[in-house]
Amino acid sequence: MTATSTTPVTAPGTVRPLTADEADALVAAARRAADEQGVRAAVSVLDAGGHLLAFRRDDRAVLIAGETSTRKAFTALQLDAPTADLVDVVRPDGLFHTLPTALDRPLLFIAGGVPLHRDGRLIGAIGVGGGAPEQDHGIARTAIGTVLGA
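The sections below set out a description of the structure shown in this document.

Cut-off values and rules
- Residues numbered from 1 in each chain as written.
- Predicted model: local features only at pLDDT ≥ 70, side-chain atom pairs only at ≥ 80, totals over all residues.
- Heavy atoms only, no water.
- Helix = DSSP H or I, 4+ residues; strand = E, 2+ residues; numbered from the N terminus.
- Buried < 20%, exposed > 50% of the residue type's maximum accessible area, 1.4 Å probe, protein only.
- Core = buried A, V, L, I, M, F, W, Y, C linked by side-chain atoms within 4.5 Å.
- Contact = heavy atoms within 4.5 Å.

Of note in this structure, Asp-80 is not a glycine but carries a positive phi near 50 degrees. Looking at where Asp-80 falls in the secondary structure, it is placed in the loop between α2 (64-79) and α3 (99-102). Taking relative accessible area as the criterion, Asp-80 reaches 39% and is therefore assigned partly exposed. Residues other than glycine seldom take positive phi values, yet Asp-119 does so here, at roughly 55 degrees. Structurally, Asp-119 is set in the loop between β3 (113-118) and β4 (121-129).

Printed below as a string of structure tokens:
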């Protein structure tokens, strides 16, 4: 296998990491999905180490949407679960009710954060903020399906 500027070389048996081009494509796909629904959103894409690869906030989105999109992505990455699936476990009667305050981390348990996988391995996460939680979750899922086919 030869290396090109767009194809990172990986050792046999390893999973190719999320690329900056894929992160940009995820943001673009999420923005299209948000526009179709009339949602003024912010979109954050993190790599597997929790580093911001791509970010975009619609000019008309509320300012806090940028922070919530990044925190949703971080939460999905750290727990390797969609934030929509975590809402009930952190309620006062939930199994992990103390988790939101137990750690000094920017966790946010509102739907809109989804982990990204390739070949069964965690490679990053996307977070969407600005719409209703169900809208944000759907926009993130649409972007993933469009770009990564998952």
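Here we take up the nonpolar core. Formed by 23 residues in total, the largest nonpolar core has its most connected members in Leu-26, Val-45, Leu-116, Ile-126 and Ile-139. When residues of this core are traced back to their parent elements, those giving at least two are α1 (20-37), β1 (42-47), β3, β4 and α4 (133-147). Broken down by element, this core gets its largest block of residues, seven residues, from α1. The contact partners of Val-45, leaving out residues within four places of it in the chain, are Leu-18, Ala-23, Leu-26, Val-27, His-51, Leu-52, Leu-53, Ala-54, Leu-116, Ala-125 and Ile-126. Ala-73, Phe-74, Ala-76 and Leu-107 belong to the second largest nonpolar core, which has eleven residues in total.

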